[in-house]
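Geometric and topological summary
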Amino acid sequence: SSSSSSDSDEESLSEGEMAALKEEVEEKKKLVATLRNKPWRMKRRLILLEAQEFIEKFEGALGKGKGKKLYAFKVMMTKKFIKFKRDFENFKTAFIPWEGKIKEVEHFGSSVASYFIFLRWMYGLNLVLFGFMFGLVVLPEILMGLPYGSIPRKTVPRQEQAKAMDFSVLFDFGGYCKYSFLFYGYYDHKRTIGVLQFRLPLSYLLVGVGIFGYSLMVVIRMARNSNEGGDGADEGEFTFSWKMFTSWDYLIGNPETADNKYASITTSFKESIVDEQENQKDENIHLRRFLRVLANVLILCSLGGSGYLIYFVVKRSQEFADMDNDELSWFEKNEVEFVMSLLGLVCPPLFETIAELEDYHPRIALKWQLGRIFALFLGNLYTFLFALFDEVNAKLESEKTIKNATEWALKEYRSNYSSYFNTTDVPPPDVHPADVIRGPCWETAVGIEFVKLIVSDIQVNYLTILIGDFLRAVIVRFLNYCWCWDLEAGFPSYGEFDISGNVLGLIFNQGMIMGAFYAPGLVGLNVLRLLCSMYYQCWAVMACNVPHERVFKASRSNNFYMGLLLLVLFLSLLPVVYTIMTLSPSFDCGPFGQEKMYDVVMETIEQDLPSFIGDIFGYATNPGLIMPAVLLMRLAIYYLNAVSKGYQQANIDLKKKMQTDEEKNRRNNTDSTNQVMKDLEDLLPDKSLILPPTAETKSPKMKPGAAANGKGVNLQKDVSLAASNPRGVVTRAPGPRSQPPGNARGPKPGQGRGRGGGRPPRQ
Amino acid sequence: MGTTASQLGKDLLSEYQELTFLTKQEILLAHKRFTELLTKDEKDLPNVRVPMEKILTLPELKSNPFRTRICQVFSTSIVKDGSLTFEDFLDLLSAFSDSATLEIKSHYAFRIFDFDDDGTLDCGDLEKLVNCLTGETEDTRLTPEEMRQLIHNILDESDIDKDGTVNLSEFQHVISRSPDFVSSFKIVL
């Protein structure tokens, strides 16, 4: 059709025709661009693609006259650009790592795959963090700083040198590990290093803090993206409809998974039906309340118990540190990490069993469970940090004495030298770096503790998968032949993949990575760990796990996990920031030599940047300016909160309006029809048309506004209010539909439509 | 236009790319899987129609409770037997692909759930839908009581104009609020 209008002469186009033609071309272009968004079949779209030919034919013509060449050039470039974009998209998809693997796992169902997608995202995040840390801190120090063994902080002390290469020492991150670039103590506190005058201390501080900032920013952006869709609805708004329309996972390609899915859907249907009915029932409220209080008390006790256990174990480890290393068994040396990982393993199932007392709705129970696990993790982490803090203070004390001792020794040496040689020009003492008296360097100790914690976490995690999933699967499979009861169906059967537990594990792991400020190598370790996890867990899921019985919707709680990650990151940030601000760094190890760590920034501002920036900072940090700024932020938060509440209220009002409008419509129509019915009644001589109003559940209803004479009537109301039963008339309507009246299944729309034809006889 | 012998022509490929949500690799993979379903002599004919039974042997569709409906909805056959040509197959994959929009997915979901093809979801459609979801065996089905209660609840929630059926706009309204729909309404080869 479009090509027919193109018969007009191309050469002689007036201004008006040209404009019209241009418009048509633009329209066609828009159509072609949105072709794929329309639910049309391919044939129709292919025909419409002929419009493309029209465009091509006339785009050249349009450029006649002024600037024809430029126009044609522009058109060609646009086309090339679109093609390039498409090719680039195709190219990009080939580069997403592990896409094939995840698609394999997706056949298990989308919820398990969502965990791996989350893992991949974490891996990307950690890779970026590793890039920052490595490129801006580790690499400059290695390339441009002093090599190993040149200054005391980079050398293994003489007493430790005998054992520095032992595997057990290295495995504990002592020996050569401790005095390497992996830990804080290796870095030199010279203000600039190398030819490029790279400011290492400044870079160290900024990267250490910047890692946090970047993680927070990325998580917030992720949380904002996942907010779209399903944000306006409350939890319980469309439960049944969603269960019906969206519960099937079309990615399932495995018959076993499909069977499980059927079972879980049926269970969830039955549960919700029963739920609705049970909302009215009210059991013994006092017993329930008592049980819930009891459960909470028990859980608080266990949380307190775990906190105390950790504190106790850390104190014991300090005693062990004073004893000779050889007398301690491996268990005693790694007690702290061991206990923490065990607690993380044992407590969640314990909480779940206790929660049985509470008898909550499964969704609410899940929220409580997640909240408790979160409290457990936080409690453990902070107790660990407090216990560590005592240790740090002790180290600081001893450092003071050592510092005094060193200064005193130096003074003595100088006075001896000058008195012996009778000069004031004293060369520095000629002592081998390994023999210099060293301070305790608390930062490296803290870094080592974090690294050991994460390593033990990895070990426990992998061992659990190996034993809990793989060994269990092997035993169940092979012992089943000679065992009295069916191992596969009853206890212990195969393991399920615990999605929520694993996601939480990832989140808490990321929280602990924040100790990277004291151990720059930690981020690299984490990257390796995530890489191995990806392959290891993929294999474990495919080989040893069975599909879920109970469906866990990871996506609805997506925001919840992002919010949790944000909270965990923020809370792990606090201790590090606190130590930066308040504690003074060690005098003989690490990149900071000043009184406080952040003095580096002050120094840089004073010395390196132009003076007016220093003035600006001086003004900005004035308390007189900060207080109003804080006040302003509080006001902004309050205002935004009020606006958001206003929007929510408007939303609810609009919804109510929509519903009452519909009802009003119905009522209006009923009233008017009632009047008509009454008039008709009066006209009729006998009441033969009056049939007893039946209590049918559904009579054929008409869509409002669909009636030929504009009377959209809710016939159900008619039956009860009006005397005559119009249903008799409708079923005699001249229509091809052969539906019997009183169909228990409800109205077929065909009948409704037929009523338009059924009306006339009554008038 | 139709598929050429066993290789997909370059312009056809780029046209399909423009008209569907699939990438080049996905179209080529779809072509490969589709030609695997053809018999030896069928491979050379253009515009071949593959009967529904063969389509249902694909592992991605085999375990799906709506497989027959999917084939029927996407089929352009005159006799309405659910057979698919390659272009129908591409339409199917495009609607179920990762990058398809919510409108496309909800439109096709509505058509799939509309078992009697009358343009609305009434109680009969909903009942058939529930039976598909709860599996084929007798002991997993819902009792008539439960079924009635369930359908009543659903209509309560989604039927805005209270006419006893769910039409396309009501369906899309419910679906657009759901956070899981787009991610679960996916089929990938």
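Residues numbered from 1 in each chain as written. Chains lettered and ligands numbered in written order. Predicted model: local features only at pLDDT ≥ 70, side-chain atom pairs only at ≥ 80, totals over all residues. Heavy atoms only, no water.

Going by what an unreviewed UniProt entry lists, chain B is known as Calcium and integrin binding 1 (calmyrin) and is assigned to Hippocampus comes.

Looking at an unreviewed UniProt entry, one finds chain A named Transmembrane channel-like protein and attributed to Hippocampus comes. UniProt lists a comment for chain A under the heading Subcellular location (unreviewed entry), and it reads "Membrane". (UniProt positions renumbered as here; feature names shortened; annotations may be inferred.)

With that settled, consider the overall build of chain A. The secondary structure content of chain A amounts to 25 helices and two strands. Counting over 763 residues, chain A shows a buried share of 38%. As displayed, chain A has an accessible area near 43300 Å², and 62% of this comes from carbon and sulfur atoms. (Helix = DSSP H or I, 4+ residues; strand = E, 2+ residues; numbered from the N terminus. Buried < 20%, exposed > 50% of the residue type's maximum accessible area, 1.4 Å probe, protein only. Areas by Shrake-Rupley, 256 points an atom, 1.4 Å probe, with all protein chains shown as cover.)

The next point concerns the overall build of chain B. Helix and strand counts for chain B stand at eleven helices and zero strands. Secondary structure elements in chain B, listed N-terminal to C-terminal, are α-α-α-α-α-α-α-α-α-α-α. Looking at chain B as a whole, 58% of its 189 residues are labelled buried. A sequence separation of at least 24 residues applies to 55% of the contacts in chain B between residues at least 6 apart. Carbon and sulfur atoms make up 54% of the accessible area of chain B, which totals about 7800 Å². (Contact = heavy atoms within 4.5 Å.)

What follows concerns helix α5 (residues 67-74) of chain B. Every buried residue belonging to α5 of chain B is among Arg-69, Ile-70, Cys-71, Val-73 and Phe-74 of chain B, and all of these are buried. Lining the buried residues of α5 of chain B we find α3 (52-55), α4 (59-62), α6 (86-95) and α7 (102-113) of chain B.

In total, this model carries 41 aromatic pairs over all chains according to the counting rule given. A ring pair is formed by Phe-173 of chain A and Phe-183 of chain A, whose centres lie 6.3 Å apart and whose planes are at 80°; its orientation type is edge-to-face. Separated by ten residues along the polypeptide, Phe-173 of chain A in the loop between α7 (167-171) and α8 (175-178) and Phe-183 of chain A in the loop between α8 and α9 (200-225) bring together distant segments of the chain. Across the pair, Phe-183 of chain A and Phe-173 of chain A agree in class, each one buried. For the ring pair Phe-181 of chain B and Phe-185 of chain B, a centre distance of 5.0 Å and an interplane angle of 25° mean the geometry is stacked. Here a set of aromatic residues connected by ring pairs shows up, and it is made of Phe-245 and Tyr-250 of chain A together with Phe-66, Phe-74, Phe-96, Tyr-108, Phe-110, Phe-113, Phe-171, Phe-181 and Phe-185 of chain B. (Phe/Tyr/Trp six-rings, centres within 6.5 Å; stacked < 30°, edge-to-face > 60°.)

So, on to the packing of helix α8 (residues 123-133) of chain B against helix α9 (residues 144-158) of chain B. In a packed pair of helices, the relevant descriptors are the angle between the two axes and the axis-to-axis distance. Residue and element names in this part refer to chain B. Across the interface, α8 lies against α9 with an axial gap of 10 Å and an inter-helix angle of 120°. The hand of the α8/α9 crossing is right-handed. Counted together, Cys-123, Leu-126, Glu-127, Val-130 and Asn-131 of α8 and Met-147, Leu-150, Ile-151, Ile-154 and Leu-155 of α9 form the full contact between these two elements. Of the residues belonging to the contact of α8 with α9, the class tally is eight nonpolar, one polar and one charged. (Axes fitted to C-alpha atoms, helices over the stretch in contact; angles between N-to-C directions. Left-handed = near helix turned anticlockwise from the far one by under 90°. Nonpolar A, V, L, I, M, F, W, Y, C, P; charged D, E, K, R; others polar.)

One pass over the structure, following the stated rule, counts ten salt bridges over all chains. The partner of Asp-87 of chain A in a salt bridge is Lys-83 of chain A, with the nearest N and O atoms 3.3 Å apart. Taken together, the residues span about one helical turn, with Asp-87 of chain A and Lys-83 of chain A both in helix α4 (residues 68-93) at a distance of four residues. Note that Arg-148 of chain B and Glu-145 of chain B form a salt bridge whose closest N and O atoms lie 3.1 Å from each other. Of this pair, Arg-148 of chain B and Glu-145 of chain B are both found in helix α9, three residues apart, which corresponds to roughly one turn of the helix. Each of the two residues, Arg-148 of chain B as well as Glu-145 of chain B, counts as exposed. (Salt bridge = Lys/Arg side-chain N within 4 Å of Asp/Glu carboxyl O.)

Before going further, it helps to spend a moment on the UniProt feature "domain: EF-hand" (unreviewed entry) in chain B. Residues annotated in UniProt with the feature "domain: EF-hand" (unreviewed entry) correspond here to residues 101-136 and 146-181 of chain B. With 67% helix and 0% strand, residues 146-181 of chain B has end C-alpha atoms that lie 25 Å from one another.

Residue-level contacts link 65 residues of chain A with 79 residues of chain B. With both sides pooled, the region where chain A packs onto chain B buries about 6600 Å², and carbon together with sulfur makes up 59% of that total. The largest contributions to the chain A side of the interface with chain B come from Arg-41, Phe-245 and Tyr-250 of chain A, which together make up 14% of the buried area. Here chain A is connected to chain B by zero salt bridges. (Buried area = accessible area lost by both parts, 1.4 Å probe.)

A few words now on the packing of α7 of chain B against helix α10 (residues 168-177) of chain B. All names here are of chain B. At a closest axis distance of 10 Å, the pairing of α7 and α10 adopts a crossing angle of 125°. The angle between α7 and α10 falls in the class oblique. Seen from above, α7 lies across α10 with right-handed handedness. For the pair α7 and α10, contact is made by Leu-102, Glu-103, Ser-106, His-107, Ala-109, Phe-110 and Phe-113 and by Leu-168, Phe-171, Gln-172, Ile-175 and Ser-176, respectively. The residue makeup of the contact of α7 with α10, split by class, is seven nonpolar, four polar and one charged. (Parallel < 35°, antiparallel > 145°, perpendicular 65-115°, else oblique.)

A separate point is the UniProt feature "transmembrane region" (unreviewed entry) in chain A. All names here are of chain A. This chain's UniProt record puts "transmembrane region" (unreviewed entry) on residues 121-146, 167-187, 202-220, 293-314, 369-389, 512-532, 560-581 and 616-640. The distance from the first to the last C-alpha atom of residues 560-581 is 32 Å, and the span holds 100% helix and 0% strand. Secondary structure content for residues 616-640 is 92% helix and 0% strand, while the C-alpha to C-alpha distance between its ends is 30 Å.

A separate point is the environment of Phe-110 of chain B. Residues and elements named next belong to chain B. Within the secondary structure, Phe-110 is located in helix α7. Along the chain, Phe-110 and Thr-120 lie ten residues apart, while their C-alpha atoms are 8.3 Å from each other. With near-sequence residues (within four places) excluded, Phe-110 lies in contact with Gly-119, Thr-120, Leu-121, Val-166, Asn-167, Leu-168 and Phe-171.

Turning next to the nonpolar core. Among the nonpolar cores identified, the biggest contains 103 residues, and Phe-116, Ile-507 and Phe-517 of chain A are the most heavily contacted of them. With residues up to four places along the chain from it excluded, the contact list for Ile-507 of chain A reads Phe-118, Met-122, Tyr-561, Leu-564, Leu-565 and Val-568 of chain A. Residues Leu-49 of chain A together with Ala-109, Leu-126 and Cys-132 of chain B belong to the second largest nonpolar core, which totals 76 residues. (Core = buried A, V, L, I, M, F, W, Y, C linked by side-chain atoms within 4.5 Å.)

Next up on the list: the side chain of Arg-529 of chain A. Residue and element names in this part refer to chain A. The residue Arg-529 is located in helix α18 (residues 521-544) in this model. For Arg-529, a relative accessible area of 6% translates into the label buried. Looking at Arg-529, its side chain comes within polar contact range of the side chain of Asn-509, at 3.3 Å. The contacts of Arg-529, once residues within four sequence positions are left out, are Asp-457, Ile-458, Asn-461, Tyr-462 and Asn-509. (Polar contact = N/O pair within 3.5 Å; in protein donor to acceptor, adjacent residues only side chain to side chain.)

Residue and element names in this part refer to chain B. Despite not being glycine, Lys-80 shows a phi value in the positive range, around 55°. Classification of Lys-80 by relative accessible area gives exposed; the value is 67%. Not every positive phi belongs to a glycine, and Asp-117 is a case in point at roughly 60°. Here Asp-117 lies in the loop between α7 and α8. Using a relative accessible area of 56% as the deciding quantity, one classes Asp-117 as exposed.

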